[in-house]
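Residue-level structure breakdown
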Amino acid sequence: MSIPVTPHYIPPRAPVVLCHGLYGFDKLGPESLPLLQVQYWGGIEDALAKLGAKVIVTRVPSTGSIWERAQTLHSILTSIIEGDKINFIAHSMGGLDCRHLISHIPNKSYHVQSLTTISTPHRGSPVMDWFRDNVGVGMALVNATAAAAKDNQPAHSLLRDALQKHGLTDQQSSLLSWSLSDIAKLPKPILDPLLQKAIRLLDTAAYANLTTDYCKNHFNPNTPNHPHVAYYSYGANASFSPWSLLNLPSQWVKDKEGSNDGLVSVESAKWGRYIKTVEADHWDLNGQSKNQNQDIDGDILGPL
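Bear in mind that the values here come from a model prediction, so they are computed numbers and not experimental data. (Residues numbered from 1 in each chain as written. Predicted model: local features only at pLDDT ≥ 70, side-chain atom pairs only at ≥ 80, totals over all residues. Heavy atoms only, no water.)

1. Observations regarding the overall build of the protein
In terms of helices and strands, the protein carries 13 helices and eight strands. Per-residue burial over the protein gives 49% buried out of 304 residues. Of the contacts formed within the protein by residues at least 6 apart in sequence, a portion of 74% connects residues at least 24 apart. With the model as given, the accessible surface of the protein reaches about 14500 Å², and the carbon-plus-sulfur share is 54%. (Helix = DSSP H or I, 4+ residues; strand = E, 2+ residues; numbered from the N terminus. Buried < 20%, exposed > 50% of the residue type's maximum accessible area, 1.4 Å probe, protein only. Contact = heavy atoms within 4.5 Å. Areas by Shrake-Rupley, 256 points an atom, 1.4 Å probe, with all protein chains shown as cover.)

This is the structure in structure tokens:
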């Protein structure tokens, strides 16, 4: 992604913390061969640095729950920041992690000044609803993760209770700690009836955390904005060719919520002060697409 450096932007005095979305990372590849590394944020980190911002790129569990990801993010920041203000810029699910951290984690050694979210599904995504309803991912996790978010505690023990309510015995619930290879070794008469349940057991809380039901009815009511933090947001809209991987998901979202970037609708992306809708797909927004997008540029520093 090409991000023009515009001299008139005034860089924030506080560091900018970049927070990735679902399946995200900071960078992948060997440290000894930087040219072979893949950066989640593409050229955004360098572009912000050229604008004069101090940038911190974080990495949290890629498919963890909002609670787990927020706790990891907090641990990272606690280890490197003492008494300073910070500005969050978060892509996709990363925005929900930051909101949880701001609202639910007390006694922080740093002070969050602002949160700018980029195509974050604040009201969930119909795409995750479709996978829940048609594939089964997230079904057993919904109640457990909702209760965990409300009580600010891990969902593991609550998840086990929820699974047992779905008809699993203690022995079957122990599959939570099994790997795919462990399950593959089971005798076929046992494996077949457990196959559908195994899908749910190997599922992660992230999928349930991104459904419209969870975000609207559980996460948002229990995660109010902090009065001393400024909230800004961007959404995106894109058109897709019939052979695009995002074409079908974009239709699911369009039917339910209208304009979208292939995964998240413009309406779901709005939180706090809405800055604008950019013409880009969900993968353009963090610099991973080969398509060059000129709408995401240095103006993300404007509100900070």
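There is more to say after this.
2. Here we look at the side chain of His74
Mapping His74 onto the fold places it in helix H2 (residues 66-80). Reaching out from His74, the side chain makes a polar contact with the side chain of Tyr110 at a distance of 2.7 Å. His74 has contacts with Leu101, Ile105, Lys108 and Tyr110, leaving out every residue within four places of it along the chain. (Polar contact = N/O pair within 3.5 Å; in protein donor to acceptor, adjacent residues only side chain to side chain.)

3. Quick notes on the confidence of the model for the protein
Per-residue pLDDT for the protein averages 79, and the proportion of residues at 70 or more is 69%. Residue range residues 154-160 is modelled with pLDDT below 50. Its contacts to residues more than four positions away, or to other chains, number 17 contacts. The model gives residues 290-295 a pLDDT under 50, and that stretch makes 13 contacts with residues more than four places away or in other chains. (pLDDT = per-residue confidence, 0-100.)

4. So, the layout of surface pockets
Of the voids in this model, the largest pocket is the one considered here, and its volume is about 650 Å³. What lines the largest pocket is a set of 27 residues, among which Leu22, Tyr23, Leu263, His282 and Trp283 lie closest to the centre. Going through the elements one at a time, helix H4 (126-134) and helix H12 (247-257) are the ones with two or more residues in the lining of the largest pocket. Counting residues per element, the lining of the largest pocket draws most heavily on H4, which supplies three residues. Here the lining of the largest pocket is composed, by residue class, of 20 nonpolar, seven polar and no charged. (1 Å grid on protein atoms, 1.4 Å probe; cavity = no way out; pocket = protein on both sides within 12 Å on 5 of 7 lines; lining within 4 Å. Points joined across faces, edges and corners; volume = space filled by probe spheres on them. Nonpolar A, V, L, I, M, F, W, Y, C, P; charged D, E, K, R; others polar.)

5. Comments concerning the packing of aromatic side chains
Overall, the coordinates contain six aromatic pairs when judged by the stated rule. Pairing Tyr40 with Trp41 gives two aromatic rings, centres 5.5 Å apart and planes at 75 degrees, and the pair type is edge-to-face. Three or more aromatic residues joined by ring pairs form one cluster here, namely Phe25, Tyr40 and Trp41. Note that Arg99 overlies the ring of Trp271, its terminal NZ or CZ placed 3.7 Å from the centroid. Sitting above the plane of the Tyr274 ring, Lys270 keeps its charged end 5.3 Å from the centroid. (Phe/Tyr/Trp six-rings, centres within 6.5 Å; stacked < 30°, edge-to-face > 60°. Lys NZ or Arg CZ within 6 Å of the ring centre and 35° of its normal.)

6. Quick word on the nonpolar core
Judged by nonpolar contacts, the single largest core of 21 residues is most densely connected at Leu73, Leu77, Ile86, Phe88, Leu101, Ile102 and Val112. Those elements that place two or more of their residues in this core are strand S1 (16-19), H2, strand S5 (85-91), helix H3 (94-104) and strand S6 (111-118). When near neighbours in sequence (up to four residues on either side) are disregarded, Leu101 contacts Ala70, Leu73, His74, Phe88, Lys108, Tyr110 and Val112. In this structure, Phe25, Tyr40, Leu51 and Val278 belong to the second largest nonpolar core, which totals 16 residues. (Core = buried A, V, L, I, M, F, W, Y, C linked by side-chain atoms within 4.5 Å.)

7. Overview of the environment of Gly94
By the element assignment, Gly94 lies in helix H3. Since its relative accessible area comes to 0%, Gly94 is described here as buried. Taking the C-alpha atoms as reference points, Gly94 and Leu22, 72 residues apart in sequence, are found 7.5 Å from one another. Once you skip the residues sitting within four places of it in the chain, Gly94 turns out to touch Cys19, His20, Gly21 and Arg69.

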